Amino acid sequence: MAQSRTHRIILAQPPGGPEVLTVETRQIPDLQADEILIQSAACGINRPDQIERLGFYPAPAWAQPGLGLEVSGVVVAVGAEVTTFRTGDEVCALVSGGGYSDYVIAKAGAALPKPAGLDLEDSAGLPETVFTVWANVFESGALAPGETFLVHGGTSGIGTTAIQMAKAHGARVIATAGTKDKCSLCRELGADVAINYREQDFETVCQDEGGVDVVLDMVGGPYVQKNINILKQGGRMVSIAFLQGSRCEIDLMRVMLKRLTLTGSTLRARPDSEKARLAEAIRARVWPWIEAGRLKPVIDSRFALGDVRSAHQRLDGGEHSGKILLIP
Ligand SMILES: NC(=O)c1ccc[n+]([C@@H]2O[C@H](COP(=O)([O-])OP(=O)(O)OC[C@H]3O[C@@H](n4cnc5c(N)ncnc54)[C@H](OP(=O)(O)O)[C@@H]3O)[C@@H](O)[C@H]2O)c1
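Starting afresh in each chain, residues are numbered from 1 along the sequence in its written order. Whole-chain, interface and lining totals are the exception, using all residues; otherwise, since this is a predicted model, local features are given only for residues with pLDDT of at least 70 and side-chain atom pairs are given and counted only at 80 or more. In computing side-chain values, all of the structure's heavy atoms are included and hydrogens and water are not.

A. Highlighting the site of the ligand. By nearness alone, 26 residues border the ligand, and Ile158, Gly178, Lys182, Tyr197 and Ser265 come closest of all. Under the rule applied, a polar contact is a pair of N or O atoms within 3.5 Å (in protein, one hydrogen donor and one hydrogen acceptor; residues adjacent in sequence only if both atoms are side-chain atoms). The contact in question runs from an oxygen atom of the ligand to an N or O atom on the backbone of Ser156, over 3.4 Å. Here an oxygen atom of the ligand and a backbone polar atom of Ile158 are 2.8 Å apart. Protein coverage of the free-state accessible area of the ligand, which is 920 Å², stands at 88%. Sorting the residues of the shell around the ligand by element identifies helix H1 (47-53), helix H2 (127-140) and helix H3 (157-168) as the ones contributing at least two each. Note on definitions. A residue lies near a molecule or strand when any single heavy atom of the residue is within 4 Å of it. Here, Shrake-Rupley sampling with a 1.4 Å probe gives the accessible areas, and only protein chains in the shown set may cover a residue. Secondary structure elements follow DSSP: runs of H or I of four or more residues count as helices, runs of E of two or more count as strands, with numbering from the N terminus.

B. How the structure looks around the pairing of strand E5 (residues 90-94). Relative accessibility thresholds used throughout: buried, under 20% of the residue-type maximum; exposed, over 50%; partly exposed, between the two (1.4 Å probe, protein chains only). Among the five residues that make up E5, four are buried, leaving the element largely enclosed by the rest of the structure. Note: strand E4 (residues 70-78) against E5, five bridges, orientation antiparallel. Within E5, the residue paired with Val71 across the bridge is Ala93. Between any two strands, pairing holds if DSSP finds at least two bridges. Where E5 meets strand E7 (residues 111-113), three bridges bridge the pair, whose relative direction is antiparallel. Paired with Ala93 across the strands is Ala111, a residue of E7.

C. Structural detail: the environment of Ser239. Following the sequence through the fold, Ser239 ends up in strand E12 (residues 231-239). When the C-alpha atoms of Ser239 and Val137 are compared, they prove to be 9.9 Å apart, with 102 residues separating the residues in sequence. Residue contacts for Ser239: discarding those within four places in its chain leaves Asp217, Thr263, Gly264 and Ser265. The contact criterion used is simple: two residues touch if any of their non-hydrogen atoms lie within 4.5 Å.

D. Spatial organisation of the pairing of strand E15 (residues 323-327). Most of E15 is tucked away, with five of its five residues classed as buried. Of the two faces of E15, the one lined by Lys323, Leu325 and Ile327 and the one lined by Ile324 and Leu326 are each fully buried. Here strand E3 (residues 35-45) runs beside E15; their pairing, made up of three bridges, is antiparallel. Its bridge partner being in E15, Cys43 is matched across the sheet by Leu326. With five bridges joining them, strand E14 (residues 299-304) and E15 adopt parallel strand pairing. Across the sheet, Phe303 pairs through a bridge with Leu326, a residue of E15. Assessed by its sense of winding, the connection that carries the chain from E14 through helix H10 (residues 308-317) to E15 is right-handed. Classification remark: right-handed applies to a crossover when, strands pointing away from the viewer, the course from the first strand over the helix to the second runs clockwise.

E. Fine view of the pattern of salt bridges. Should a side-chain nitrogen of Lys or Arg be within 4 Å of a carboxyl oxygen of Asp or Glu, the pair is scored as a salt bridge. Tallied over the entire structure, the rule returns 19 salt bridges. Ionic pairing is found between Glu139 and Arg277, a salt bridge with its closest N-O pair at 2.8 Å. With Glu139 in helix H2 and Arg277 in helix H8 (residues 272-285), this pair connects stretches of sequence that are 138 residues apart. Classification of Glu139 by relative accessible area gives partly exposed; the value is 29%. Measuring nitrogen to oxygen at the nearest pair gives 2.7 Å for the salt bridge that ties Glu147 to Arg236. Of this pair, Glu147 sits in the loop between H2 and strand E8 (148-151) while Arg236 sits in strand E12, placing them 89 residues apart in sequence. Grouping residues by exposure puts Glu147 and Arg236 together as buried. Taken together, the shared-partner salt bridges connect Glu139, Arg270, Glu274 and Arg277 into one network.

F. Quick look at the sheet that holds E12. If you trace the six strands from one edge of the open sheet to the other, you get E10-E9-E8-E11-E12-E13, paired in parallel fashion. Either end of the sheet is taken by a strand with one partner, and the two such strands are strand E10 (193-196) and strand E13 (261-264). Sheet twist, expressed as the mean angle between neighbouring strand axes with direction ignored, is 15°. Of the strand pairs in this sheet, E8 and strand E11 (residues 212-217) are connected by three bridges, and their pairing is parallel. Looking at the pairing, Leu150 lines up with Val215 of E11. An axis is simply a line fitted to the C-alpha atoms; with a helix, the fit covers only the stretch in contact. Between two such axes, the angle follows the N-to-C directions and lies from 0 to 180 degrees.

G. The arrangement of the packing of H2 against H3 in detail. Between H2 and H3, whose axes approach to 9 Å, the crossing angle comes to 55°. Comparing the axis directions of H2 and H3 gives the class oblique. The two elements H2 and H3 meet at a crossing, and its hand is right-handed. Of H3, the residues touching H2 (which contributes Glu128, Thr129, Val130, Thr132, Val133, Trp134 and Phe138) are Gly157, Ile158, Thr161, Ala162, Met165 and Ala166. Nonpolar residues are Ala, Val, Leu, Ile, Met, Phe, Trp, Tyr, Cys and Pro. Charged residues are Asp, Glu, Lys and Arg, and all others, Gly as well, are polar. For the contact of H2 with H3, a count of residues per class yields eight nonpolar, four polar and one charged. Throughout this description, any angle smaller than 35 degrees is read as roughly parallel, any larger than 145 degrees as roughly antiparallel, any in the 65 to 115 degree range as roughly perpendicular, and the remainder as oblique. Two helices crossing with the near one rotated counterclockwise from the far one by less than a right angle form a left-handed crossing, whereas a clockwise rotation gives a right-handed crossing.

H. Examining a nonpolar patch on the surface more closely. Patch membership requires over 30% relative accessible area and the absence of a salt bridge. Like charges are linked within 9 Å, and nonpolar side chains (Val, Leu, Ile, Met, Phe, Trp, Tyr) within 5 Å. A grouping of Ile250, Leu252, Met256 and Leu262 is seen on the molecular surface, where their side chains present a nonpolar patch of about 370 Å² in accessible area. With respect to the helices, strands and loops of the structure, Ile250 is situated in the loop between E12 and helix H7 (252-257). Assessed through its relative accessible area of 30%, Ile250 is described here as partly exposed.

Laid out in structure tokens, this is it:
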């Protein structure tokens, strides 16, 4: 590998606040046959990184060491069996770990070419949210054009992506967010209705709007019964997180009478073959939306890789909208 034999990775040991994050320089491991090495243009930060930093989201055994789940950049080396990418290609990729780095190892199957017309740095903000929204809203939730879709956390990385993808698909979109400005951003991104959950009860507003077909929930706790109450016949609730708790009591009668589906998933634990299948579907269905200008990552802020503590302080503060990026 001509560019460098070492790279910087970011570790959180012991777990804790942003102050535990340290930059370490390590040898770049040899590539496996199905892997590519990416010289990073940018590395995306996601809420799961905070949960891992706090010690509640251990990395799978096969993950590269260090924090970080997504990256964009230029391919500088390919494994022996990789036929889909060559050195010099501009890509973005989903990784199971080690994504905050100047050189990132990715499975070729979980990488995608940089969408035409999108800045290479900004492309780092795509993989984690697009894979998550595609898998949960479009596959598990089976959102159909013309249906009504509710996303909580409308200005999160996930929420900003979900609003745009659902609109591009022809759905009616309702989003919740915690401030007036965040609600304005939801509407700018295409939400038909934006609910400031600190001022309005989302259940009442959604009932007044005629109910919803699909909910993407990251709040859990008391939101679950409310989501069930507003789902229409045959509605689907997909859980991807539980910011207000993983436990709750629900009335199963409503689930039965309305023939609801309650489901959920995590992305990181899925096998490589599954991520490769998702990547193919996303390339066919979502990349054209990006190339047509109907979906773009909302970038909140950029920090130098070495200033990762400040980046995580912004994440912890919760005032960001969209994605925070690290620039090596
Ligand atoms: N299952 C999966 O595969 C998967 C994959 C990726 C992400 N996730 C999860 O999806 C969520 C979003 O991820 P992200 O990276 O997009 O996060 P993010 O940009 O940091 O956004 C988190 C959002 O949560 C909202 N929020 C925080 N605390 C809340 C609370 N107590 N009640 C209601 N809303 C609250 C905030 O909105 P307001 O400021 O408007 O309150 C914020 O928009 C995270 O919980 C993450 O763990 C799951």
